[in-house]
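An overview of the molecular structure
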Amino acid sequence: MPGLQVLDAVQTGAVECGHTASYYYTGKNPALAFGTAVPFGLNAQQQNAWFYQGGGLELMQEIYAPLGAINFPVGNTGTQMGGWFKQGVNSVQNLQGLKMRIPGLGGEVMERLGVTVQVLPGGETYIALERGIVDAAEWVGPHDDEKLGLQDAARFYYYPGWWEPGASLEVQINLKAWQELPTEYQPVIKTACVEANLTMLSEYEGRNGAALQRLLDQGVELRPYSPEIRTAAETAAFAIYDEKASENADFQRVYGQWRTFRNEVFAWNRVNELQLSNVANRG
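Residues numbered from 1 in each chain as written. Predicted model: local features only at pLDDT ≥ 70, side-chain atom pairs only at ≥ 80, totals over all residues. Heavy atoms only, no water.

**Observations concerning the side chain of Gln186**
Along the chain, the position of Gln186 falls in helix α9 (residues 185-217). Overall, Gln186 belongs to the buried group, its relative accessible area being 17%. Within the structure, the side chain of Gln186 is placed 2.9 Å from the backbone oxygen of Trp178, a separation counted as a polar contact. Apart from the residues lying within four places of it in its own chain, the contact partners of Gln186 are Trp178, Gln179 and Leu181. (Helix = DSSP H or I, 4+ residues; strand = E, 2+ residues; numbered from the N terminus. Buried < 20%, exposed > 50% of the residue type's maximum accessible area, 1.4 Å probe, protein only. Polar contact = N/O pair within 3.5 Å; in protein donor to acceptor, adjacent residues only side chain to side chain. Contact = heavy atoms within 4.5 Å.)

Structure (structure tokens):
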């Protein structure tokens, strides 16, 4: 199926299941964004905790049910990079009129900051960037970006990918096909999904470091987003969440539960993960 039509095919039964990212389908329901990642949201470990222990997966499956599908997390990229730019961007003013490939709510935030957003399948990203159809593009991280050759189309590589702090992929299964499975097959599929989910994250964490060094060796310039851009983006993101929650009952329900979980896990990780990271990385 075309890259942005997997859920359509699953809904109609043209295929029984597909592997994709839920945020490509926010036009069907904006709450689907939470199934992948939202700006300034959960990292991969926190996202999995929300799915498996915080009620997140049950919430997302309730959103999918009226669409005739059921979903399970199958993979996570970890915290992504902030994209490739042909020119440096140091301020919100530098973003005005910039054409960028970026999907999901991250794209909506960038629109608020003056960017002209385009949603393209991954396979079209290099050509669009190389030919100047877009001025900037985000994909995943060093390992996948290197494979697409994005370093040959743009020089500046920004971090962090605040719009995808822990991007989950998923399998979407036609609900009727799922319900018709022998009951002993369903837990087998669920278990396989959990294994694939954890294995994919481990692969990315294991490969991205070496890939980043190769990119730097090729002359790529690594840059952080400026505090001005990060602050403006975070402000815009939470304004968008509040707007969508006031307009859409599903978004409001998921966002309210997700926000409570986010506050709790962030408070805990400021004590354990953040403090350990600060100590370990002092040198």
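**Quick look at α9**
Given a rise of 1.5 Å per residue, 33 residues ought to cover 48 Å, and the 48 Å separating the end C-alpha atoms of α9 matches this to within 8%. At Asn208, α9 is deflected by roughly 35°, the largest bend along its length. Gly219 sits one or two positions beyond α9 and adopts a positive phi of about 95°. (Expected span 1.5 Å × (residues − 1). Bend = angle between axes of the 7 residues up to and from the residue.)

**Concerning the state of the cysteines**
Formally, a disulfide is one covalent bond, and it connects the sulfur atom of one cysteine to the sulfur atom of another. Following the criterion strictly, the structure yields zero disulfides and no others. Note on Cys17: no disulfide assigned, nearest cysteine sulfur contributed by Cys193 at a separation of 8.8 Å. The class of Cys17 is partly exposed, set by a relative accessible area of 47%. (Disulfide = S-S within 2.5 Å.)

**Side note on a nonpolar patch on the surface**
A cluster of nonpolar side chains, Tyr52, Val194 and Leu198, forms an exposed patch at the surface whose accessible area comes to about 230 Å². Note that Val194 resides in helix α9. (Patch = residues over 30% accessible without salt bridge, like charges linked within 9 Å, V, L, I, M, F, W, Y side chains within 5 Å. Areas by Shrake-Rupley, 256 points an atom, 1.4 Å probe, with all protein chains shown as cover. Salt bridge = Lys/Arg side-chain N within 4 Å of Asp/Glu carboxyl O.)

**Topic: the packing of helix α10 (residues 227-247) against helix α11 (residues 249-271)**
Remark: α10 packs on α11, axes separated minimally by 6 Å, with the N-to-C direction vectors making an angle of 135°. Considered as vectors, α10 and α11 are oriented oblique to each other. Residues Phe238, Tyr241, Asp242, Lys244, Ala245 and Glu247 of α10 form the contact with α11, whose own contacting residues are Ala249, Phe251, Gln252, Tyr255, Arg259 and Arg262. Split into classes, the residues belonging to the contact of α10 with α11 amount to six nonpolar, one polar and five charged. (Axes fitted to C-alpha atoms, helices over the stretch in contact; angles between N-to-C directions. Parallel < 35°, antiparallel > 145°, perpendicular 65-115°, else oblique. Nonpolar A, V, L, I, M, F, W, Y, C, P; charged D, E, K, R; others polar.)

**A look at the sheet that holds strand β5 (residues 116-118)**
Ordered by their spatial adjacency, six strands build an open sheet running β5-β4-β6-β3-β7-β9, and the pairing between neighbours is mixed. Looking at strand neighbours, the two that pair on one side only are β5 and β9 (221-224), the edges of this open sheet. Here strand β4 (residues 99-101) pairs with strand β6 (residues 136-137) via two bridges, running parallel. Paired with Met100 across the bridge in β6 is Ala136. (Pairing = 2+ DSSP bridges.)

**Focus on the nonpolar core**
Membership of the largest hydrophobic core comes to 60 residues, with the highest contact counts inside it found for Phe34, Trp50, Phe85 and Met110. If you tally residues by element for this core, the top one is α10, at seven residues. Among residues more than four places away in sequence, those in contact with Met110 are Leu95, Met100, Ile102, Val115, Val117, Trp162, Trp163 and Tyr225. Membership of the second largest hydrophobic core comes to 13 residues, among which are Leu120, Ala128, Ala137 and Tyr157. (Core = buried A, V, L, I, M, F, W, Y, C linked by side-chain atoms within 4.5 Å.)

**Topic: the sheet that holds strand β1 (residues 17-20)**
Spatially, three strands are ordered β1-β8-β2 in an open sheet, and the strand pairing comes out antiparallel. Of all strands in the sheet, those with a lone pairing partner are β1 and β2 (69-76), marking the two edges. Strand-to-strand twist of the sheet, defined as the mean angle between neighbouring strand axes without regard to direction, takes the value 20°. Looking at chain direction, β1 and strand β8 (residues 168-174) are connected through four bridges and run antiparallel. By the bridge assignment for β8, Thr20 is matched with Glu170. Across the face of the sheet, helix α2 (residues 44-52) comes into contact with β2 and β8 while running at roughly 150° to β2. Contacts between helix α3 (residues 56-64) and the sheet are confined to β2 and β8, with β2 contributing the most and set at about 135° to the helix.

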